[in-house]
Amino acid sequence: FLMIRRPPRSTLFPYTTLFRSLSGLAAIINELTDIPVEEIQADKSLDEDLHVDSLSMIEIVNEAGERFGVTIPDEEIANLRTVGDAAKYIAGAQS
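Residues numbered from 1 in each chain as written. Predicted model: local features only at pLDDT ≥ 70, side-chain atom pairs only at ≥ 80, totals over all residues. Heavy atoms only, no water.

1. Comments concerning the overall build of the protein chain
Moving on, step 1. Along the backbone of the protein chain there are 4 helices and 0 strands.
Moving on, step 2. Written out in order from the N terminus, the α and β elements of the protein chain read α-α-α-α.
Moving on, step 3. Evaluated residue by residue, the protein chain yields a buried proportion of 33% over its 95 residues.
Moving on, step 4. Across the protein chain, every contact between residues at least 6 apart in sequence was considered, and the portion connecting residues at least 24 apart equals 59%.
Moving on, step 5. Total accessible area computed for the protein chain in this model is approximately 6,600 Å², and 53% of it derives from carbon and sulfur atoms. (Helix = DSSP H or I, 4+ residues; strand = E, 2+ residues; numbered from the N terminus. Buried < 20%, exposed > 50% of the residue type's maximum accessible area, 1.4 Å probe, protein only. Contact = heavy atoms within 4.5 Å. Areas by Shrake-Rupley, 256 points an atom, 1.4 Å probe, with all protein chains shown as cover.)

Now the structure itself:
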């Protein structure tokens with residue numbers, strides 16, 4: 001009989017926060033750009049893969065800030081190259 005133990009809640013927290021950030025961000029990108037949600041993945045480049053232009057990026061950042069209750073400074077936007085980068089930033093700002 002093999003017993004599988006669930007990891008402590010404290011170790012799951014960063015992953016659930018990141019997952020919520022990623023799924024919420026995908027919804028925002030979909031709403032503002034009409035890119036299908038299934039194409040919005042963590043490893044996708046916002047500009048090269050998803051073709052998000054600078055104006056759309058500002059709209060995404062503003063909407064993400066409102067929905068997640070975080071502030072993403074203008075100087076950080078250039079560092080958000082992939083969907084995953086943005087989700088990690090949001091998750092980190094929430095903790």
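We are not done yet, so read on.
2. Some remarks on the pattern of salt bridges
Moving on, step 1. This model, assessed by the stated rule, comprises 2 salt bridges.
Moving on, step 2. Through salt bridges with shared partners, a single ionic network connects Glu31, Glu63 and Arg67. (Salt bridge = Lys/Arg side-chain N within 4 Å of Asp/Glu carboxyl O.)

3. Quick word on unusual backbone geometry
Moving on, step 1. Positive phi is not limited to glycine here, since aspartate 34 has a value of about 65°.
Moving on, step 2. Its place among the elements puts aspartate 34 in the loop between α1 (9–33) and α2 (54–68).
Moving on, step 3. The exposed category is assigned to aspartate 34, whose relative accessible area is 66%.
Moving on, step 4. Its identity is not glycine, yet histidine 51 carries a phi of approximately 60°, on the positive side.

4. Points about the nonpolar core
Moving on, step 1. Within the largest apolar cluster, 22 residues are counted, with the highest numbers of intra-cluster contacts made by Leu25 and Ile29.
Moving on, step 2. Counting only elements with at least two residues in this core, the list comes to α1, α2 and α4 (83–94).
Moving on, step 3. Broken down by element, the residue count for this core peaks at 5 residues, all from α2.
Moving on, step 4. Not counting chain neighbours up to four residues away, the residues in contact with isoleucine 29 comprise Asp34, Ile35, Ile40, Leu46, Ile60 and Val83. (Core = buried A, V, L, I, M, F, W, Y, C linked by side-chain atoms within 4.5 Å.)

5. A short note on α4
Moving on, step 1. Between the first and last C-alpha of α4 there are 17 Å, a value that for 12 residues agrees with the 16 Å anticipated at 1.5 Å per step.
Moving on, step 2. All buried positions along α4 are accounted for by Val83, Gly84, Ala86, Ala87, Ile90 and Ala91. Viewed along the axis of α4, the buried residues span an arc of 160°, placing them on a single side of the element. (Expected span 1.5 Å × (residues − 1). Arc of directions from axis to C-beta.)

6. Observations regarding a negative patch on the surface
Moving on, step 1. A cluster of acidic residues, Asp43, Asp47, Glu48 and Asp49, forms a negative patch on the protein surface.
Moving on, step 2. Tracing the backbone shows aspartate 43 in the loop between α1 and α2.
Moving on, step 3. For aspartate 43, a relative accessible area of 58% puts it in the exposed group. (Patch = residues over 30% accessible without salt bridge, like charges linked within 9 Å, V, L, I, M, F, W, Y side chains within 5 Å. Lys, Arg positive; Asp, Glu negative; His and termini not counted. Charge placed at Lys NZ, Arg CZ, Asp CG, Glu CD.)

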